[in-house]
Every structure is written in C-alpha cells, then in structure tokens.
Amino acid sequence: MLGIGEKLADFEITGVKPGFNAHEENGESAFENITQESFAGKWKVIFFYPKDFTFVCPTEIVAFAKLNGDFEDRDAVLMGGSSDNEFCKLAWRREHPDLDKLPMWQFADTTGSLIDSLGIRSDAGVAYRATFVVDPDNVIQHVYVTNLNVGRNPEDTLRVLDALQTDELCPCNRPVGGDTL
C-alpha cells in the first residue's frame with residue numbers, strides 16, 4: 001500500500017460530476033476523465049468504498065458530502081468511488097434519496113488501476129475503505145484504511161486535512177480550526 005510521502009502514480013479514471021443524476025443534463029456530460037493532474041493547485045481527498053448499492057457505503061458518502069463545502073473552503077476536492085462503473089453511480093444517485101444530486105465528485109475505477117496502484121484491493125476483489133489526503137503536488141500526506149464492514153468518520157478526515165494545512169504541530173484531537181502547539 002502506498003503511504004505518506006509517496007507520490008500518486010499516473011492514473012485515469014472516469015469522474016462523475018457533482019450534481020448530476022443523468023448521463024447528460026442541459027447538453028453537458030455528467031462524465032469527465034480524472035487524472036493525477038486534475039484539480040491543479042488543490043488538495044485531493046480520495047476515498048474508496050467497496051461497491052455501489054450497498055449498505056455502509058451510502059452512510060459514508062452522505063457524511064462526506066455534507067462536509068463538501070468545508071473541504072472546498074480548504075482548497076480540497078472531495079472524490080469518492082469504487083470499481084463500479086459511472087452509470088451505476090448515476091443510477092444509485094437516482095435510486096437513493098440521500099444521494100440525489102450528490103454535491104461532490106464520484107469516480108469509477110472500472111479497471112481497478114488506481115485501486116491496485118495504491119495497493120488497497122481486498123481479498124474480495126474490491127477496494128478497502130481507504131482514504132488518501134493528497135497535497136497539491138500529488139504527495140500523499142494521510143492514509144486511513146478500514147476493513148470492508150467498518151465505516152469511517154469524515155469529520156476526522158476534515159480535521160486531519162485542516163491540521164495538515166497548518167504546517168504546524170497539532171495536538172491530539174485538535175478540533176477543526178483549533179490551536180496549534
């Protein structure tokens with residue numbers, strides 16, 4: 001598994017734009033290729049979940065999405081995805097009321113190339129619940145991985161991003177915007 005201080009390898013995945021529920025809306029495609037060079041000058045918070053249309057995954061996606069504005073305030077792009085395809089993600093947005101018009105990026109790593117380059121494929125063949133906080137130079141600054149059955153705390157990911165961006169020493173459990181040492 002790639003870790004702190006390592007650079008993201010080159011990748012290309014299909015992004016599903018925020019706010020879209022259909023493959024085309026108002027003449028604009030819901031899809032856009034995302035590479036390691038996308039979102040120049042921004043931090044990236046990339047989180048993986050095992051599969052669309054499951055039970056734990058939407059709880060995490062919704063919790064991350066509720067914090068999307070906070071991530072944007074920190075010049076970070078929030079992206080969540082799995083190896084399921086982009087059409088599956090749109091269908092899930094239409095079918096699950098909490099995912100309707102999801103205000104953040106999703107991605108489809110259908111070949112598993114990003115999953116494999118990060119080293120987060122489980123024995124079940126899907127991605128572990130992995131979160132990577134990547135700086136604007138594509139260097140990994142934080143990694144958090146849980147097993148397939150355990151959801152994450154997106155508020156803690158925001159707390160870690162906030163602390164990383166201070167470039168200061170941050171005490172244990174420092175709240176977002178809290179004092180540094």
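Since we're looking at a predicted model, the values are computed, not measured. (Residues numbered from 1 in each chain as written. Predicted model: local features only at pLDDT ≥ 70, side-chain atom pairs only at ≥ 80, totals over all residues. Heavy atoms only, no water.)

### Some words on the pattern of salt bridges
A side chain with one charge may pair with a side chain of the opposite charge, provided their charged atoms come close.
Move 1: According to the stated counting rule, one finds 11 salt bridges in the structure shown.
Move 2: Note that K17 is salt-bridged to E28, the shortest N-O span being 3.0 Å. Of the two residues, K17 is situated in the loop between β1 (12-16) and β2 (24-25) and E28 in strand β3 (residues 28-29); the sequence distance between them amounts to 11 residues.
Move 3: K42 is the salt-bridge partner of D75, the closest N and O atoms lying 3.7 Å from each other. You can see D75 sitting in the loop between α2 (68-73) and β6 (76-82) and its partner K42 sitting in the loop between β4 (31-35) and β5 (43-48), a full 33 residues away along the chain.
Move 4: A single network of salt bridges, built from pairs that share partners, joins E60, R129 and R152. (Salt bridge = Lys/Arg side-chain N within 4 Å of Asp/Glu carboxyl O. Helix = DSSP H or I, 4+ residues; strand = E, 2+ residues; numbered from the N terminus.)

### Section: the side chain of K44
Move 1: Relative to the helices and strands, K44 resides in strand β5.
Move 2: Within the structure, the side chain of K44 is placed 2.7 Å from the side chain of N138, a separation counted as a polar contact.
Move 3: Not counting the four nearest positions on each side in its chain, K44 is found in contact with Q36, S38, V77, M79, F132, V133, V134 and N138. (Polar contact = N/O pair within 3.5 Å; in protein donor to acceptor, adjacent residues only side chain to side chain. Contact = heavy atoms within 4.5 Å.)

### A word on the nonpolar core
Move 1: By size, the foremost hydrophobic cluster in this structure holds 21 residues, and its most contacted members are F48, M79, L118, I120 and F132.
Move 2: Elements supplying a minimum of two residues to this core: β5, β6, β7 (105-108), α4 (113-118) and β8 (129-134).
Move 3: Beyond its immediate stretch of four places on either side in the chain, F48 contacts G81, F107, L114, I115, L118, I120, A127, Y128, R129, A130, F132 and R152.
Move 4: By size, the runner-up hydrophobic cluster in this structure holds 20 residues, among which are W43, F47, A65 and L158. (Core = buried A, V, L, I, M, F, W, Y, C linked by side-chain atoms within 4.5 Å. Buried < 20%, exposed > 50% of the residue type's maximum accessible area, 1.4 Å probe, protein only.)

These figures capture arrangement, not role.
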